[in-house]
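Report on the structure
Single-letter residue listing:
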Amino acid sequence: MADTDLIEMRRDLACALRWAARYGLHEGVCNHFSVRLPGVEERFLINPQGLHWSELTAGDLLVVASDGRVLEGRHTVEPTAFFIHSSIHRALPEAFCVMHTHMPYATSLTVAQDAHLEWISQNALRFYGRVAYEDAYNGLALDAEEGTRLGHKLRGADVLFLANHGVIVRGASIAAAFDDLYYLERACALQFNALAMGKQLRVVPDEICKRTAQQMSGESQQAALHLAALRRILDREAPEWADCA
């Protein structure tokens, strides 16, 4: 791929990470976003271990090989990040971008018995038919087998709720994956707020869920506009974010 393409990919991913922190979707210096890079060799771009997302620059991101070698970058890769992301990218070549977070409202659904995303809001309906659930928690993902298991769970789904853990979102672009991550947390927050009112949930009928999800399925332009707006704000407020050095 051209150097300019890799630079823009670095900037898009750095922007997504910075805004995930601004939106409160991060957790400490944990969690990770990755992008599969084109080419003969299996490799991907990922955020490094130990840096807070609010301080990351495009140049801090790592290019990592499928065996865990850091091919480009001055930092190290976090072990669970490598095993989760390398396995998912290998199992699902169409998973261009993979985002894993412990964002609070979505993760809350993973710690309650039999809790699922309910079809009660327009934000939720964009995920109708696109969600899967992993109901077994096996501890930290410190081997390829665990990463592969999660990858198989994502077949046919763009969102995976991980029991007692967090969520994984995959997308055909950085903008699409980040837009889904943002709206997933918003949908889960609306669900919790509605439950806190002590009222019965107003569940949308399946046929309307299906129609609305189809109407929203072509919103890649809106996702790109979202990310572009976030880049402009960073340009004004924190111009160092785009530094690739």
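The present account deals with the structure reproduced in this document. (Residues numbered from 1 in each chain as written. Predicted model: local features only at pLDDT ≥ 70, side-chain atom pairs only at ≥ 80, totals over all residues. Heavy atoms only, no water.)

**Observations regarding the overall build of the chain**
- Looking only at helices and strands, the chain features eight helices and eight strands.
- Against the globule reference of 18 Å for 245 residues, the chain gives a C-alpha radius of gyration of 18 Å, in line with a compact fold.
- Along the first, second and third principal axes, the C-alpha atoms of the chain reach 55 × 40 × 30 Å.
- Looking at the chain residue by residue over its 245 residues, the buried ones come to 49%.
- When contacts within the chain are restricted to residue pairs at least 6 apart in sequence, long-range pairs at least 24 apart make up 68% of them. (Helix = DSSP H or I, 4+ residues; strand = E, 2+ residues; numbered from the N terminus. Rg over C-alpha atoms; globule rule 2.2 N^0.38 Å. Buried < 20%, exposed > 50% of the residue type's maximum accessible area, 1.4 Å probe, protein only. Contact = heavy atoms within 4.5 Å.)

**Notes on the sheet that holds strand E7 (residues 159-162)**
- The mixed open sheet is built from eight strands, whose spatial order is E4-E3-E2-E1-E5-E8-E7-E6. Two strands in the sheet have a free side with no partner beyond their single neighbour: strand E4 (70-72) and strand E6 (131-134). Geometrically, the sheet is characterised by an average inter-axis angle of 25° between neighbouring strands, direction not taken into account.
- Set on the sheet, helix H1 (residues 3-22) makes contact with strand E1 (32-36), strand E2 (43-46), strand E3 (62-65), E4 and strand E5 (97-101); between it and E1 the angle comes to about 160°.
- Strands in contact with helix H5 (residues 144-153) are E6, E7 and strand E8 (166-171); relative to E6, the strand with the most contacts, it is inclined by about 145°. (Pairing = 2+ DSSP bridges. Axes fitted to C-alpha atoms, helices over the stretch in contact; angles between N-to-C directions.)

**Considering helix H8 (residues 220-237)**
- Taking 1.5 Å per residue, 18 residues should reach 26 Å; H8 reaches 26 Å between its end C-alpha atoms and fits that length.
- Buried-residue contacts for H8 involve H1 and helix H6 (174-196). (Expected span 1.5 Å × (residues − 1).)

**What to know about the pattern of salt bridges**
- Counted according to the given criterion, the structure contains 17 salt bridges.
- Of the charged contacts in the structure, one is a salt bridge between arginine 130 and aspartate 158, with a shortest N-O distance of 2.8 Å. With arginine 130 in the loop between helix H4 (122-125) and E6 and aspartate 158 in the loop between H5 and E7, this residue pair connects regions lying 28 residues apart in the sequence.
- Judged by relative accessible area, which is 22%, aspartate 158 ranks as partly exposed. (Salt bridge = Lys/Arg side-chain N within 4 Å of Asp/Glu carboxyl O.)

**Notes on the state of the cysteines**
- Taken as a whole, this structure holds zero disulfides when the rule is applied.
- No disulfide involves cysteine 30; its nearest neighbouring cysteine sulfur is the one of cysteine 97, lying 19 Å away.
- Here cysteine 30 falls in the partly exposed class, since its relative accessible area comes to 44%.
- No disulfide involves cysteine 209; its nearest neighbouring cysteine sulfur is the one of cysteine 188, lying 15 Å away. (Disulfide = S-S within 2.5 Å.)

**Remarks on the packing of helix H2 (residues 79-91) against H5**
- The geometry of H2 relative to H5 is characterised by a closest axis approach of 8 Å and an angle of 50° between their N-to-C directions. Relative to H5, H2 is oriented oblique. The crossing of H2 and H5 is right-handed. Where H2 approaches H5, its residues Phe83, Ile84, Ser87 and Ile88 are matched on the opposing element by Ala144, Gly147, Thr148, Leu150 and Gly151. (Parallel < 35°, antiparallel > 145°, perpendicular 65-115°, else oblique. Left-handed = near helix turned anticlockwise from the far one by under 90°.)

Any functional reading would require information beyond the geometric quantities listed.
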